[in-house]
Amino acid sequence: MSIKGVTSSLTAAEIVEKASGIYEEAVRIRRMIHENPELGFEETKTAEMIADYLKGLGIEVTTGVAKTGVVGLLHGDKEGPVLALRADIDALPIQEKTGVPYQSQNPGVMHACGHDMHTAMLLAAAHVLSQNKQHISGTIKFIFQPAEEMKGGGGVMVDEGVLSNPAVDHAFAFHVWPELATGTYGFRNGAIMASMDSFDVVLKGKQGHGAAPHQGVDAIVGAAHIVTALQTIVSRETDPVDSVVLTIGTIEAGDGYNIIPEKASFRGTVRTLNADTRKKVAESIQRIVEGVASALKLEVEINFNFSVGYPVTINDSTFNEHAAAIAADLFGEESVQWLSKPSMASEDFAFYLEKVPGTFVFLGVAENPDDPMKLHSDVFLPDEKAMIQGISLIVGIALHTTEKIQ
Ligand SMILES: [Zn+2]
Ligand SMILES: [Zn+2]
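Residues numbered from 1 in each chain as written. Chains lettered and ligands numbered in written order. Predicted model: local features only at pLDDT ≥ 70, side-chain atom pairs only at ≥ 80, totals over all residues. Heavy atoms only, no water.

Draft legend 1. Examining the packing of aromatic side chains more closely. As enumerated under the stated definition, the model contains nine aromatic pairs in all. By way of ring pairs, the aromatic residues W177, F349, Y352, F360 and F362 are connected into one cluster. (Phe/Tyr/Trp six-rings, centres within 6.5 Å; stacked < 30°, edge-to-face > 60°.)

What follows is the structure in structure tokens.
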């Protein structure tokens, strides 16, 4: 096998054979995790299982990274770069309705985003790689990350230094993707997923009788004006070919039909595809909220939750094309789908890709892509057979990222 001048002593066929050989074990691990889902930063049993499995493979293990994260280090027999391979391990607050025999035993918690499969595939790949150290030049850092959903565990891990000691040169992860058929991968150079920020606004006016508006300051009328005006950020202020989403998801005010309320509050989310736009939209929100509130005699409090906001996930084109070449070698050119559009959903792997070049890939898991299942659905069941493609790609990238890619 030869990928852009990088050679390995395992051929593509041998890598697929090894991934197929470990498939049954990956299914067993995946179902065990699926049956015992845990929410973000509470993944204690999952983390314990991961740590035990890695130790059994002779991999150096550090636990308690970002509370419930686990990091494994595997040194190849030869010198080379450090490659980080990351899987997220958390589940969602959803009551499962799939009815499968390995359905969640934890009421109200479900692996509905496929992180059970991400974890199982990375463990299975670690198993294969630990038996092939003679083919590895460099170090593989296996990152099992907590709390991808909403809590930004990836950012916490990066802040705690997961990309240093030893310093990571490249990072790779993927997400199961129900809009792509099993047997395919989705690749995109540049932005693949959007940034995600949220904000809270509280407006304070003056309470009064519904029949005497001149004696009060109406927070509801203010909120209505501001919510409408915020939509002009997307329609009038941003480049129409640079996608932005601004959604107000909650609004609360008032106690009775004949009372002018003192307070109104609303919350929203913003998605963008580049860092500049992200910054400008935040500034525009602040300007419009304060400006309209002031015009209507309202005081205002704005709270931007940028600390849990996720940056845009931006793939390094060189590394991404390297990964795509490996995928094509493993399963043919037809397995590689170049995505014309990014997803406006978001992903905290973005925090890693802000620091080191790497790529985030979508792994096709649809048995019937014309009628895809939805991520975060209470009946979400990705096609387990796709784990063969997933494990093969992880192993292929680990074995072929043997030189710093220029
Ligand atoms: Zn999710
Ligand atoms: Zn996810």
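Draft legend 2. Fine view of the coordination of the zinc ion (ligand 1). Looking at the metal site, the zinc ion (ligand 1) is ligated by C113 (SG), E149 (OE), E149 (OE) and H376 (NE2), spaced 2.0 to 2.8 Å from it. Given four donor atoms and angles of 51 to 149° at the metal, the environment of the zinc ion (ligand 1) is assigned as irregular. On the primary sequence, the residues serving as donors to the zinc ion (ligand 1) are separated as C-x35-E-x226-H. If you look at the zinc ion (ligand 1) and the zinc ion (ligand 2), they sit 3.1 Å from each other and are both ligated by C113. In this pair, C113 is assigned in the loop between strand 5 (78–88) and helix 4 (115–130) and H376 in the loop between strand 18 (358–366) and helix 10 (386–400), connecting sequence segments 263 residues apart. (Donors = N, O, S within 2.8 Å, 3.2 Å for Na, K, Ca; no water. Tetrahedral: all angles 85-135°; square planar, octahedral: opposite > 155°, others 65-115°. Helix = DSSP H or I, 4+ residues; strand = E, 2+ residues; numbered from the N terminus.)

Draft legend 3. Highlighting the sheet that holds strand 14 (residues 263–272). In spatial order, the strands read 12-14-10-15; together these four strands make up an open sheet with antiparallel pairing. Looking along the sheet, the strands with just one partner apiece sit at the ends: strand 12 (244–253) and strand 15 (299–304). Neighbour-to-neighbour, the strand axes of the sheet open up by a mean angle of 20°, direction not taken into account. Strand direction decides the pairing type here: strand 10 (residues 195–204) and strand 15, joined by six bridges, are antiparallel. Residue V201 lies in a different strand from strand 15, and its bridge partner there is I302. (Pairing = 2+ DSSP bridges. Axes fitted to C-alpha atoms, helices over the stretch in contact; angles between N-to-C directions.)

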